[in-house]
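Listed below are the residues making up each chain.
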Amino acid sequence: MNRKRTAILYLSAVGIYWMTISLTMGMAVSYLAFRGFSNTEMGSILAVANILSVLISMLLASLSDKYGASGIVPLLASGLGISVFALGILLFTPFSKPLFAVAYSLLAASSLAIGPIIIKLYFDLSQSTKLPSFAIFRAFGSLCFAFMSFFAGSILKTKSLTILPVINSLCVLLLLLCILLLKPDLRSTSYSQKNTPQTGYISLLKNNTSFLYLLCGIFLIFMVHNNISSFNANILDNLGAGATAVAYLNGVTVVAEIPMMALYSRFRGVSAERLLAISFIFFLLKIILISAATNIAMLFIAFSLQAFSFGLYTPAIVDYVKDNFPYEQAGHAQGIVANIPIIGSMIGALLFGAMLDNLPLSRSLFIFCLITAVGVISCLYALREK
């Protein structure tokens, strides 16, 4: 097996995947607002998307443990097929609010759902090929997210927001091609039952109290984090900026996390638990500074704390799963860890959409700070108990 070929193809898949997330999730509020949806309606669409993504992702994660490496390419292809179908509706059907709401929900759900499976693909490839640290691949993904955000911001200066599904379609098709090209690299990695039996989600959590506290804290933190990212258009609008600034803020935020991910492999002597604790504290500092921002420059600085919050959390949580769960349970464990933030987004999108329609922005942001603080306390307690 050609190690370099495998690494390049997987690197390309991760990069293109995050381009699709940049377009689908990073520009969701701007695109839906352009189509005439209110904050409450957008919150409902994102909530439905999160519900569907959790259901799809948990199913795919379970099947990825059941079938092992031999089944992961068909699983990813099925998720991408849903994205292609949804984009086809957005591109080729006359505008209808209910139809476009359903289509965007499907698009967002399928995009989010395959994220944990792409991480599981790394585990499967690593069984037969020595790959660099996952943090390197994830850093490249962030770089591609930022590139697409800046690219979209530039395009939107002269083009309508209707161009976004066109670009997204090209990215999805390229991602599908990369996944299919990786299939031969997985043939020598067949699933074999070892000493650790497969378990369901309930069995996995049943005797792991500290992990449950950790998941509860992550739920609260990401209930705020994901929706601040989704509804940053409202904050920018309050400061007098528009859709182009949304794209640029998305790009700057992600660029900030790249150095931390790229340097993560140098922290080998530090436990994943300690790195997670640091990241949780910075999640709280970030939302506090966002709430205190009185101009666009301050807001950009606040969002740049992404470097020490999400930028550190993302590779650390993958190592946490790898260190604490055997390969035979990696799909289930990764599925839980990846979907808890999405469940938080689901509830947060409904809550925050309604809050932003009915409460002053400053009061909403204060509530976000309190929720994040409770989540951080729960996570730190869980890590200490472990």
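Cut-off values and rules
- Residues numbered from 1 in each chain as written.
- Predicted model: local features only at pLDDT ≥ 70, side-chain atom pairs only at ≥ 80, totals over all residues.
- Heavy atoms only, no water.
- Helix = DSSP H or I, 4+ residues; strand = E, 2+ residues; numbered from the N terminus.
- Rg over C-alpha atoms; globule rule 2.2 N^0.38 Å.
- Buried < 20%, exposed > 50% of the residue type's maximum accessible area, 1.4 Å probe, protein only.
- Contact = heavy atoms within 4.5 Å.
- Areas by Shrake-Rupley, 256 points an atom, 1.4 Å probe, with all protein chains shown as cover.
- Lys, Arg positive; Asp, Glu negative; His and termini not counted.
- Charge placed at Lys NZ, Arg CZ, Asp CG, Glu CD.
- Axes fitted to C-alpha atoms, helices over the stretch in contact; angles between N-to-C directions.
- Parallel < 35°, antiparallel > 145°, perpendicular 65-115°, else oblique.
- Left-handed = near helix turned anticlockwise from the far one by under 90°.
- Nonpolar A, V, L, I, M, F, W, Y, C, P; charged D, E, K, R; others polar.
- Phe/Tyr/Trp six-rings, centres within 6.5 Å; stacked < 30°, edge-to-face > 60°.
- Polar contact = N/O pair within 3.5 Å; in protein donor to acceptor, adjacent residues only side chain to side chain.
- Core = buried A, V, L, I, M, F, W, Y, C linked by side-chain atoms within 4.5 Å.
- Salt bridge = Lys/Arg side-chain N within 4 Å of Asp/Glu carboxyl O.

Q: Explain the overall build of the protein to me, and be specific about the residues and the numbers.
A: When you go through the protein residue by residue, the secondary structure sums to 17 helices and zero strands. Its C-alpha radius of gyration of 20 Å places the protein within 12% of the 21 Å reference for a compact globule of 386 residues. For the protein, the C-alpha atoms occupy an extent of roughly 60 × 50 × 35 Å along the three principal directions. Across the 386 residues that make up the protein, the buried fraction comes to 57%. Across the protein, the fraction of contacts at a sequence separation of at least 24, relative to all contacts at a separation of at least 6, is 86%. Surface exposure of the protein reaches about 15,400 Å², of which carbon and sulfur atoms provide 67%. Distance from the positive charge centre (23 side chains) to the negative charge centre (12 side chains) of the protein: 6 Å.

Q: Pulling in residues and values, what's your account of the packing of helix H3 (residues 39–67) against helix H5 (residues 97–113)?
A: Geometry of a packed helix pair, given as the angle between the helix axes and the separation of the axes. The N-to-C vectors of H3 and H5 enclose an angle of 40 degrees; their axes lie 7 Å apart at closest approach. Compared by their axis directions, H3 and H5 come out oblique. For the element pair H3 and H5, the recorded crossing hand is right-handed. Two secondary-structure elements touch here, H3 through Glu41, Ile45, Val48, Ala49, Asn50, Leu52, Ser53, Ile56 and Ser57 and H5 through Lys97, Ala101, Tyr104, Ser105, Leu106, Ala108, Ala109, Leu112 and Ala113. Taken together, the residues of the contact of H3 with H5 sort by class into twelve nonpolar, four polar and two charged.

Q: Break down the packing of aromatic side chains for me, citing the residues and quoting the values.
A: Aromatic ring pairs are defined here through the distance separating the ring centres and the angle between the ring planes. This structure, assessed with the given rule, holds 19 aromatic pairs. Here the aromatic rings of Tyr213 and Tyr381 are separated by 5.1 Å at their centres, their planes lie at 80 degrees, and the arrangement is edge-to-face. Of the two residues, Tyr213 is situated in helix H10 (residues 209–230) and Tyr381 in helix H17 (residues 361–385); the sequence distance between them amounts to 168 residues. For Tyr213, a relative accessible area of 39% translates into the label partly exposed. A connected cluster of aromatic rings, assembled from ring pairs, spans Tyr10, Tyr122, Phe123, Phe134 and Phe137.

Q: Help me get a handle on the environment of Leu370, residues and values and all.
A: Summarising the element assignment, Leu370 is placed in helix H17. Overall, the relative accessible area of 46% leaves Leu370 in the partly exposed class. Sequence separation between Leu370 and Ile288 is 82 residues, and the spatial gap between their C-alpha atoms is 9.4 Å.

Q: Quick rundown of the environment of Glu257? Include the residues and the values.
A: Looking at where Glu257 falls in the secondary structure, it is placed in helix H12 (residues 243–263). Note: C-alpha distance between Glu257 and Arg138 (119 residues apart in sequence) is 9.9 Å. Beyond its immediate chain neighbours, meaning those up to four positions away, Glu257 contacts Arg138, Ser142, Gln306, Ala307, Phe310 and Gly311. Here the side chain of Glu257 touches Ser142 through a polar contact of 2.3 Å, side chain to side chain.

Q: Could you give me a rundown of the nonpolar core, with the residues and numbers involved?
A: Residues Tyr10, Phe280 and Tyr313 are the most contacted members of the largest nonpolar core, which totals 136 residues. Per-element tally for this core: the top contributor is helix H1 (residues 3–26), with twelve residues. Non-local contacts of Tyr10, meaning those with residues more than four positions away in its chain, are made with Ile118, Ile119, Leu121, Tyr122, Leu125, Phe134, Phe137 and Leu182.

Q: How would you sum up the pattern of salt bridges? Please name residues and give values.
A: Applying the stated rule across the entire model yields four salt bridges. Put simply, Asp185 and Arg5 hold a salt bridge, and the shortest N to O gap is 2.4 Å. Residue Asp185 is located in helix H8 (residues 163–186), and its partner Arg5 is located in helix H1; the two are separated by 180 residues in the primary sequence. By relative accessible area, Asp185 is classed as buried at 3%. Residue classification places Arg5 among the partly exposed residues on the basis of a relative accessible area of 32%. Of the charged contacts, one joins Lys97 and Glu41 as a salt bridge, the two residues approaching to 3.2 Å between their closest N and O atoms. Linking Lys97 in helix H5 with Glu41 in helix H3, this pair joins segments that are 56 residues apart in sequence.

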